[in-house]
Amino acid sequence: MKIATIFGTRPEIIKLSTLIPLLDRDFNQILIHTGQHYSYKMDKIFFEDLDLRDCDYSLNIGSGTHGKQTGNMLMELENVLLHEKPELVIVQGDTNSTLAGALAASKLQIPVAHVEAGCRSFDRRMPEEINRVLVDHISDYLFAPDLNSFKNLTLSECIPSEKVYLVGNTSVDACIRAMKIFNRETLEDYSLKKDSYILFTLHRQENTTYESLKEILMALNIISNRIKVFFPVHLRTKKVIEDNNIEINDNVILSDPLGYKDFMGLLTNSMFVMTDSGGIQEESVVLNVPCLIIRDNTEWMIYVEIGKNLLLGTNHQKIVDIVNKLLDNPEIIEKMKLIEAQLNQGASESIVSILKNIQ
Ligand code: UD1
Ligand code: UDP
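Being a predicted model, the structure only gives us computed values, none of them experimental.

(A) Region of the structure containing the site of ligand 1. Around ligand 1 sit 19 residues in total, of which H37, Y38, N96, E128 and R236 are the nearest. Taking Q36, its side chain carries an N or O atom lying 2.9 Å from an oxygen atom of ligand 1. Between ligand 1 and Y38 there is a distance of 2.8 Å, counted from an oxygen atom to a backbone nitrogen or oxygen. In isolation ligand 1 exposes 740 Å². Once the protein is present, 87% of that is buried. Structurally, ligand 1 is housed in the largest pocket. For the shell around ligand 1, the secondary-structure elements that each account for two or more residues are α4 (66-84) and α11 (235-243).

(B) Representation of unusual backbone geometry in the model. Its identity is not glycine, yet N60 carries a phi of approximately 50°, on the positive side. Secondary-structure assignment places N60 in the loop between β3 (57-58) and α4. Phi is positive for N288, which is not a glycine, with a value near 60°. Its place among the elements puts N288 in the loop between α13 (278-287) and β12 (291-293).

(C) Main features of the layout of surface pockets. Roughly 1,200 Å³ of internal volume is contained in the largest pocket. Lining the largest pocket are 49 residues, and of these P11, H37, M42, H203 and H234 lie nearest its centre. Those elements that provide at least two residues to the lining of the largest pocket are α1 (10-16), α4, α6 (127-137), α11, α12 (260-269) and α13. By residue number, the principal contributor to the lining of the largest pocket is α1, which donates five residues. Broken down by class, the residue content of the lining of the largest pocket amounts to 16 nonpolar, 21 polar and twelve charged. When residues of the lining of the largest pocket are assigned to domains, at least three map to each of domain 1 (2-169 + 344-358) and domain 2 (186-338).

(D) Broad picture of the domain arrangement of the protein. What the domain assignment lists for the protein is domain 1 (2-169 + 344-358) and domain 2 (186-338). Inter-centroid distance (C-alpha atoms) of domain 1 to domain 2 is 27 Å. Facing the 27 residues of domain 1 at the interface are 24 residues of domain 2. Taken together, both faces of the contact between domain 1 and domain 2 bury some 2,100 Å²; the carbon and sulfur share is 52%. Linking domain 1 to domain 2 there are five salt bridges.

Cut-offs applied
Residues numbered from 1 in each chain as written. Chains lettered and ligands numbered in written order. Predicted model: local features only at pLDDT ≥ 70, side-chain atom pairs only at ≥ 80, totals over all residues. Heavy atoms only, no water. Near = heavy atom within 4 Å. Polar contact = N/O pair within 3.5 Å; in protein donor to acceptor, adjacent residues only side chain to side chain. Areas by Shrake-Rupley, 256 points an atom, 1.4 Å probe, with all protein chains shown as cover. 1 Å grid on protein atoms, 1.4 Å probe; cavity = no way out; pocket = protein on both sides within 12 Å on 5 of 7 lines; lining within 4 Å. Sits in = over half its atoms within 2 Å of the grid points. Helix = DSSP H or I, 4+ residues; strand = E, 2+ residues; numbered from the N terminus. Points joined across faces, edges and corners; volume = space filled by probe spheres on them. Nonpolar A, V, L, I, M, F, W, Y, C, P; charged D, E, K, R; others polar. Domains from an automatic or database assignment. Contact = heavy atoms within 4.5 Å. Buried area = accessible area lost by both parts, 1.4 Å probe. Salt bridge = Lys/Arg side-chain N within 4 Å of Asp/Glu carboxyl O.

If you want it as structure tokens, here you go:
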């Protein structure tokens, strides 16, 4: 079977990194990169860190408003799909590249497989939530990462259950593989010691308006008076900080976005992580690092429900109060680490087995 795998951003590269080599092994796969992420530290560095082969097509779409970016992708993807005539298109996650890939394929009557189907934050302010819902409803093979996602699709949204497969989470596969290639020197490079700092990331559209970012970074500045914080800054966030001259405390170590090996090295050694990232919520569970989510909701409720991760919200005082409580009572952090989470690994191999059966 000829398969086209379409992606374009940092998390898609990471979460497809264990699946892509298996698809190359068992199918005739072409890789199509939309170019949604294009800066070296958001893109190429992950191909190097994760030992991924070059793409067959790089569409170089770049940044833009949602409509412009998605529309440009759709036009270019249609050309490639008409030329290559794949029998299946695979997309991952919830980005504009995911939506454009699924839409271009379904309009051409090419079956679509969606990896990480069924995740829901139930918050339509998030562009990702719109993308997830739309992609799931035009997909033919829906690979759900956990029971919540499986139920969202089959019970709440009435997608026929024969289309939905509960396979686990490719992000867990990628993280487990990455544990062997973590960069152990990154701590020393920044003169950090294990468990002596907080790792912090922020990039969601709803958290990076000037007002929201200022509120959250106010909390960060207060927290950093008590403990060192390491903050690799996403390029979207960097732009808002620089354009508005938002001040950040000296005790916050700022860096460019990090490669996977460096980032995972810092995540695994941190006391805890504060983030609005989806992928980091999953990875922190694999690495057993408590994760404080700077959002009002999450599509990864499965980890919050068992007490492994905490929803902080975005109000600066609430963020500061909860972090102070953890710093004053480190036994709470230890208790969070003792909670057992079910790790849904092996998803990449399961997806390949299912696809082999449909050829
Ligand atoms: C996108 C995804 C989001 C995902 C995130 C992963 C959508 C709607 N959003 O958000 O779901 O969590 O990727 O990181 O698809 N920029 C650069 N260089 C790059 C990429 C981006 O400078 O290589 C800057 C540009 O100023 C750009 C901004 O970041 O306008 C936002 O990039 P974009 O891809 O539109 O959205 P993300 O915030 O990265
Ligand atoms: N990540 C990274 N370097 C960084 C920040 C994040 O390698 O500086 C990785 C992280 O380990 C995770 C992925 O990027 O695998 C998450 O991407 P992001 O937070 O941008 O997107 P989301 O998962 O929220 O869609």
